Amino acid sequence: MSAFQNPSSGFEAIFSTLQNAEDAESTLNVLNILDELLSADTDHRIHYMISKGGSEALLSALIKNGSRSSPDYTILLPILYLVAKVGQKDCRIGKKAEEAGAVLLTLNLLKNNIQHAGRAEAYLNVIQVFAGSVSTSKHIGSNQGLDIVYNLIARYTIKNRQTIKASIIAFAALLSSKDNICSAVTKGYVSGLLLLYDEWHSKDTNHSATEILQALLHCFCKIARSALGRDNLVSHGGIRLLYHTTQTYLLNKCQESLIESSVQLMRSCLPKTRLPLTSDQSAYRFPLPGRQHDDLDMVATSDESNGDDDDDDDDKVEDDYQEAQSKDYDNDLETDLNTLCLRPATDRPKELLLQYSRLCPELSHDFLEQLDLNSQESSSSSSSDDETGHCNRLPFDSSRPEKKTPEFLSQTEKGTSDQTKSAPCPLKVKDFYSHTGINTRSGGTKTGETREEANSSLTDDEQKNKNEGNGKCYNSPMTYLIDIHGHDIPYHEPSMYRAAALKTKSVPGFSTLAFPDFWGHVPPPGNEPMAPRKPNIQRQKVLEDIQRFLNTDIINQVVFDLEDECLQFPPAKPDSLRFFSSFECGNLRKAIRVRRYEYDLILNADANCSQHTQWFYFEVSNMVPDVPYRFNIINCEKSNSQFNYGMQPVLYSVRDALNGKPQWCRSGTEICYFRNHFCPVRGRLRTTFYTLTFTITFKYSEDVCYLAYHYPYTYSALRAHLRLLNRSVDPSKVFFREQVLCPTLAGNACPFVTITACHPSKSYTDIHQLRDRPCIVLSSRVHPGESNASWVMKGTLEFLCSHDPIAQALRETFVFKIIPMLNPDGVINGMNRCDLNRDDLNRQWCKPDPVLCPTIYHTKGFLSYLSSIRRTPLVFCDYHGHSRKKNVFLYGCSIKETLWQSGSTFDTAALKEDPGYRTIAKALDRIAPAFSFNSCNYLVEKSRSATARIVVWKELGVLRSYTMESTYNGFDQGIYKGLQTRTRELEEMGMKFCHSLLSLTVDTRALYGRSLINHMNPGHNVLDHKSHKQGFELDLKGCMANTCAEGGAEGQRTENKTARWCHSFTTVKSPAPSSDNTDVY
């Protein structure tokens, strides 16, 4: 009974008896007791036994009984068994054995018992656990242990297979030391193991030696951890042997473990191949003010900017990696309460903020006169392409030097701004009709091509229709196509898009329009489910890549090169695809034909740097119909992708567009994303690239198709869209003003939009109410590759300009300040992450450079100006895209949640914090099917301290400062579950975000009223998708606290509004929340 009460004394008694036993019978009894104790609840008891000195006691017994001239194996074998069993759980067993002298003793006993299979197996099992320590493994190897164990690995036999297996496993354990790997390579053991593997594989017809083959593969994996070992495996035909054996394993499901091990081994052994480029640097170079052009090659972008966007670096799929990332993420959380609470001083004097007063025209004294003037101009003017009527340039700081636009950037600005449709235009649509039956000749439409030459390219029937049909006269084939094949696309006019593109300045000087952007597109009519993943598709693709390495019949023909003019417009070949990407937002640097229907594609890095390859957008033509083409994008950088989880690239067919279906559709089969064997041209920290592979089967022979990572949204499309919105609004009801925030580095205008309601009269009350409206500031597209953010913004803009009664109510309540594209230069030049300054603009908010980061500098300046005039925004939201998560969700900021999540010892219960930061997320969870409340978080990370979300929250005091993330892929919840996102859902999300702002208004009953739900008419019960069940009333108190905090009469008025709003809400909801709900989560 006492043994149960004090188990430690019981174990100590057993160990003492074991060490002091003189007769065999007593020793065997003790060993049997230990065996029984360790047979049940093994892990717990073994670890407890180790903590009480069990390993040392067993090693002492091993030395005592093994040192005898004639060891008694009836005692020694049980001791060896227990040492092996306990040693597997004792990470220091090797060190302990080495210090006790048991390592060399065991090795000598093995050497003396090679002819006794049973004894040899026991010794091998002990050597295996001893070799778990690298230093012990090296010690064994230096005493000829590697040679002794290798000689026990026999050729194919049906005898003593357990001993052979034990010897192979022990040999693999000894290879944990790199010195032993070098010794094995030098002594030719690698080639010998390959011969043994081949022999065991070829003679094992009944699959009875699977465990031995698996053990040999484990040896090869250990060898492959060393560069010398990998080279030796490759030079002795290891990859070829493994490839051929794997082909036979694929025919038998029982050999699955061998297949997986072989594939992973071959992947690790494939020699690193440098990308077939002249340089890792981007093909686009832009001279930066104040920096030497020669310094660009020396730039190494930090690993931090390789993350997704504002908040997504911790979303990895692999379990082990996810756990490690979770720990790093917790360590990244800000734990200093002073850092979280203290508000930093402004980064510029207040005198410089006065320049932003022009961005608040609703506050000007002559507002009504300007409104009347604009209304008259709007009603009497046509759709002129001149932008000066509603865009004013921002006066720069006196301290900022005047920036001159490089001469080569203005190459596309040929002609005047008032150019008519009939005038010759230097910006042409890419020659698509040569592949559609409308034009029978090949070759691109050059900038200088005459109208007569273009007209002669039409077919006889269409030329006849063009000249005779309805007596119409067309200025160009494009005008004819628009008239005959044009599709009514809301808020899109090809002529206006071309006019906007003419003013767009790019680094290479684009002179071609991509057809989908020019022609326009509508969402596909039906849902697009996530693509099913074919079983073992990644394994299949990896094996195909290995086959490429082994075979010598690879074509390896460069068919497109962005840096070679001869390969940008190559002559058409009957058996090869043609590629093109020299247009706005386009990204494809090089295309290499590797097999008849397979192409390797290399993306262009962000301008002025050598990283950030994810976004792609290119044209492909000259295809054969109904033939599967495989495309391999071989220089992707992210470690995982939603392409592994149902996401497809998007495809646009020109022929379908001309047939009345101008749609970007999800397309592609056999899609997977995996690590490859390519490496940079020049060494750098990131040495691994990933391959995105997908197969496209084209429907038509004479067609031009466009492939993209996601639905493209160009800068020119934004400019044209804003012009059309300005034309569509009623100026007597909607105040819509587009201005220029600032010019970008390349000289493009950064649009700034103000939207609110015009007051109905000139009375003091109406004018004062307009000037008293809180501001909502929205921004988007700071990362150029996140085109989904622009589609969300498009939905927001169109809704706010609509006749919808909710939009009217929002306009009457708020003033919306919108910067729809913070990084125009990056978008224009097909970049993924950075601006032309090679920096991630969303990491520059703390102290943005006025010259190198003008859009961030002036956006922050405008927000600071609002704060200085006591109009701190009620909401700030930056729209982003997320490449590793599904659904749409918000990231915000909370001191209490950050401290709690980080494990801080600070008593968060005593900390008062307004919970209004959750208001919008809860409202969206109620009304937006695409929104996931469970994916939201409100943590403040150290690595994000310079992002818009945290800087606006911390420095400017905006309680509801958010990043809204939209998936590239689709949804895993609610009514959209299992579907990929389309532009329709993204635009809907922009509208729903506006709806959620009703939760901040004086009367929130509309948010819960059936009239709103019926008015939205989503075709489903919007209340059924909720992912969060907590009541909304927790956020009522202090919902407009940050505005109230500004003080003065304005703050008092807002406070009164809040009180009335809470009262109106409590008449709908029951009962009212208690007074301490501000501290409830």
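One can find the structure itself at the top, above this paragraph.
Within any chain, residue numbers begin from 1 and follow the written order of that chain's sequence. Residue-level local features of this predicted model are given only where pLDDT is at least 70; pairs of side-chain atoms are given and counted only at 80 or more, and the full residue set underlies all totals for whole chains, interfaces and linings. Only hydrogens and water are removed before side-chain values are computed, so all heavy atoms of the structure are retained for them.

Draft legend 1. Spotlight on the overall build of the protein chain. Summing up its helical and strand segments, the protein chain has 42 helices and 22 strands in all. A contact between two residues is defined here by any heavy atoms of the two lying within 4.5 Å. By sequence separation, contacts in the protein chain at least 24 residues apart represent 78% of the contacts at least 6 residues apart. As displayed, the protein chain has an accessible area near 43100 Å², and 51% of this comes from carbon and sulfur atoms. Segments assigned H or I by DSSP are reported as helices when at least four residues long, segments assigned E as strands when at least two residues long, and all are numbered from the N terminus. For every accessible area listed, the method is Shrake-Rupley and the probe measures 1.4 Å; residues are considered covered only by the protein chains on display.

Draft legend 2. Here's a closer look at the side chain of Lys222. Structurally, Lys222 is set in helix H15 (residues 210–223). Relative accessibility under 20% of the residue-type maximum defines a buried residue, over 50% an exposed one, and the middle range a partly exposed one, all with a 1.4 Å probe and only protein chains included. This count recognises Lys and Arg as positive and Asp and Glu as negative, with His and chain-terminal groups excluded. Salt bridge criterion: a side-chain nitrogen from Lys or Arg within 4 Å of a carboxyl oxygen from Asp or Glu. Here Lys222 sits buried without a salt bridge, and the closest side chain of opposite charge, Asp179, lies 15 Å off (N-O distance). In this structure Lys222 touches Ala172, Ala173, Leu175, Ser176 and Ile181, once residues within four positions along its chain are discounted.

Draft legend 3. Here's a closer look at the pairing of strand E8 (residues 617–621). Burial analysis of E8 places five of its five residues in the buried class, which makes it a mostly covered element. Burial along E8 is two-sided: Tyr617, Glu619 and Ser621 and Phe618 and Val620, pointing in opposite directions, are all buried. For two strands to pair, DSSP has to find at least two bridges joining them. Pairing of strand E5 (residues 578–580) with E8 involves three bridges; the strand directions are antiparallel. Along E8, the bridge assignment pairs Phe579 with Val620. Pairing geometry for E8 and strand E15 (residues 704–708), over five bridges, is antiparallel. Each residue of the ladder has a partner; that of Ser621, found in E15, is Val704.

Draft legend 4. View of the nonpolar core. Within this scheme, the nonpolar core is defined by two criteria: the residues are buried Ala, Val, Leu, Ile, Met, Phe, Trp, Tyr or Cys, and they are joined through side-chain atoms within 4.5 Å. If you look at the biggest cluster of nonpolar residues, it comprises 160 residues, and the most contacted ones within it are Phe579 and Phe631. In terms of residues, this core owes the most to one element, helix H31 (residues 787–800), which gives seven residues. Setting aside residues no more than four positions away along its own chain, Phe579 makes contact with Val559, Phe560, Gln568, Leu588, Ala591, Tyr599, Leu601, Phe618, Glu619, Val620 and Phe631.

Draft legend 5. Fine view of the pattern of salt bridges. Under the defined criterion, the tally for this structure stands at 35 salt bridges. Between Arg348 and Asp347 there is a salt bridge; the shortest N-O distance is 3.0 Å. With a relative accessible area of 30%, Asp347 lands in the partly exposed category. Close ionic contact of Asp575 with Arg593 constitutes a salt bridge, the shortest N to O distance being 3.4 Å. With Asp575 in the loop between strand E4 (557–561) and E5 and Arg593 in strand E6 (residues 590–595), this pair connects stretches of sequence that are 18 residues apart. Overall, the relative accessible area of 41% leaves Asp575 in the partly exposed class. Among the ionic contacts, a cluster of salt bridges with common partners joins Lys534, Lys541, Glu544, Asp545, Arg548, Arg595, Glu598, Asp600, Arg630 and Glu670.

Draft legend 6. Seen up close, the packing of aromatic side chains. Side-chain rings of Phe, Tyr and Trp, where Trp is taken by its six-membered ring, are said to pair if the distance between their centres is within 6.5 Å; with planes under 30 degrees apart they count as stacked, over 60 as edge-to-face, and otherwise as tilted. In the structure shown here, the tally under the stated rule is 37 aromatic pairs. Consider the rings of Tyr709 and Tyr968, whose centres lie 4.9 Å apart with planes at 80°: the pair is edge-to-face. With Tyr709 in the loop between E15 and helix H29 (715–728) and Tyr968 in the loop between strand E22 (960–967) and helix H38 (983–996), this residue pair connects regions lying 259 residues apart in the sequence. Connected via pairs of aromatic rings, a cluster forms that spans Phe579, Tyr597, Tyr599, Phe616, Phe618, Tyr629, Phe631, Phe643, Phe694, Phe698, Tyr709 and Tyr968. Comment: the charge-over-ring label is applied if NZ (Lys) or CZ (Arg) is within 6 Å of the ring centre and within 35 degrees of the ring normal. Directly above the ring of Tyr857 sits Arg348, whose terminal nitrogen or CZ lies 3.9 Å from the centroid.

Draft legend 7. Seen up close, the packing of H29 against H31. For helices, the fitted axis covers only the stretch in contact; all axes are lines through C-alpha atoms, and the angles between them, taken along N-to-C directions, range from 0 to 180 degrees. Here H29 crosses H31 at 15°, and the two axes come no closer than 10 Å. One element, H29, and the other, H31, form an angle in the roughly parallel class. Crossing geometry of H29 relative to H31 is assigned as right-handed. Taken together, the residues of H31 that come into contact with H29 (itself represented by His721, Leu722 and Leu725) are Lys794, Leu797 and Glu798. Looking at side-chain class alone, the contact of H29 with H31 contains three nonpolar, one polar and two charged residues. An angle below 35 degrees is treated as roughly parallel, one above 145 as roughly antiparallel, one from 65 to 115 as roughly perpendicular, and anything else as oblique. Crossing handedness is defined as follows: a turn of the near helix away from the far one that is anticlockwise and smaller than a right angle gives a left-handed crossing, while the clockwise case is right-handed. Following the grouping adopted for this structure description, the nonpolar residues are Ala, Val, Leu, Ile, Met, Phe, Trp, Tyr, Cys and Pro, the charged ones are Asp, Glu, Lys and Arg, and the polar ones are all others, Gly among them.

Draft legend 8. Looking closely at the environment of Ile776. Along the chain, Ile776 turns up in strand E18 (residues 775–780). The class of Ile776 is buried, set by a relative accessible area of 0%. Taking C-alpha positions, Ile776 is 6.2 Å from Phe876, a pair spaced 100 residues apart along the chain. If we ignore the near neighbours within four places in the chain, the residues touching Ile776 are Phe814, Val815, Phe816, Lys817, Leu874, Val875 and Leu997.

Draft legend 9. Inspection of the pairing of strand E19 (residues 815–819) at higher detail. Counted residue by residue, E19 has five buried out of five residues, so it is predominantly covered. Both strand E17 (residues 749–757) and E19 contribute to a ladder of three bridges, which runs antiparallel. The residue bridging Ile755 from the neighbouring strand is Phe816, located in E19. Where E18 meets E19, five bridges bridge the pair, whose relative direction is parallel. Across the sheet, the residue bridging to Leu778 is Ile818, located in E19.

Draft legend 10. Examining unusual backbone geometry more closely. At Gln144, a residue that is not glycine, the phi angle is positive and equals roughly 65°. Within the secondary structure, Gln144 is located in the loop between helix H10 (134–142) and helix H11 (145–151). The exposure class assigned to Gln144 is partly exposed, which follows from its relative accessible area of 48%. Positive phi, close to 55°, is recorded for Asn556, a residue that is not glycine. Secondary-structure assignment places Asn556 in the loop between helix H27 (537–550) and E4.

Draft legend 11. Expanded view of the environment of Pro680. Mapped onto the fold, Pro680 is located in the loop between strand E13 (678–679) and strand E14 (690–697). Its relative accessible area of 3% is what places Pro680 among the buried residues.

Draft legend 12. Focus on the packing of helix H7 (residues 93–100) against H10. For the pair H7 and H10, interaxial distance at closest approach is 8 Å and the crossing angle is 45°. What the angle tells us is that H7 and H10 run oblique. Listed contacts from H10 to Gly94, Lys95 and Glu98 of H7 are Ser135, Thr136 and His139. Residues of the contact of H7 with H10, tallied by class, amount to no nonpolar, four polar and two charged.

Draft legend 13. Broad picture of the sheet that holds strand E20 (residues 875–882). Pairing is mixed in the open sheet, where seven strands are placed in the order E16-E17-E19-E18-E20-E22-E21. The sheet is open, and its two edges are formed by strand E16 (734–743) and strand E21 (888–891), each paired on a single side. Averaged over all neighbouring strand pairs, the angle between strand axes comes to 20°, with direction disregarded. Bridge count for E21 against E22 is four bridges, and the pairing is antiparallel.

Draft legend 14. Inspection of helix H6 (residues 73–87) at higher detail. One less than the residue count of a helix, multiplied by 1.5 Å, gives the span that helix is expected to have. Taking 1.5 Å per residue as the helical rise, H6 with its 15 residues ought to reach 21 Å, and the 20 Å between its terminal C-alpha atoms agrees with that figure. All of the buried residues along H6 are Tyr73, Ile75, Leu76, Ile79, Leu80, Leu82, Val83, Ala84, Lys85, Val86 and Gly87.

Draft legend 15. Expanded view of the environment of Cys360. Examined against the element boundaries, Cys360 turns out to sit in the loop between helix H20 (337–341) and helix H21 (367–380). Taking the C-alpha atoms as reference points, Cys360 and Leu866, separated by 506 residues in sequence, lie 9.1 Å from one another. Here Cys360 is in contact with Lys817, Phe862, Tyr865 and Leu866, once residues within four sequence places are set aside.

Draft legend 16. Representation of the sheet that holds E6 within the structure. Taking strand neighbours across the sheet as the criterion, the six strands line up as E4-E6-E7-E9-E14-E12 in an open arrangement whose pairing is mixed. Edge positions in the sheet fall to E4 and strand E12 (669–675), since each of these pairs with one other strand and no more. Between one strand axis and the next, the sheet turns by 20° as a mean value, whatever way the strands run. Direction of pairing for E12 relative to E14: antiparallel, over a ladder of five bridges. Paired with Tyr673 across the bridge in E14 is Leu692.

Draft legend 17. Structural detail: H27. Relative to the 20 Å expected for 14 residues at 1.5 Å per residue, H27 spans 20 Å between its end C-alpha atoms, a close match to the ideal helical length. Regarding H27, the residues found buried are Ile537, Arg539, Lys541, Val542, Leu543, Asp545, Ile546, Arg548 and Leu550.

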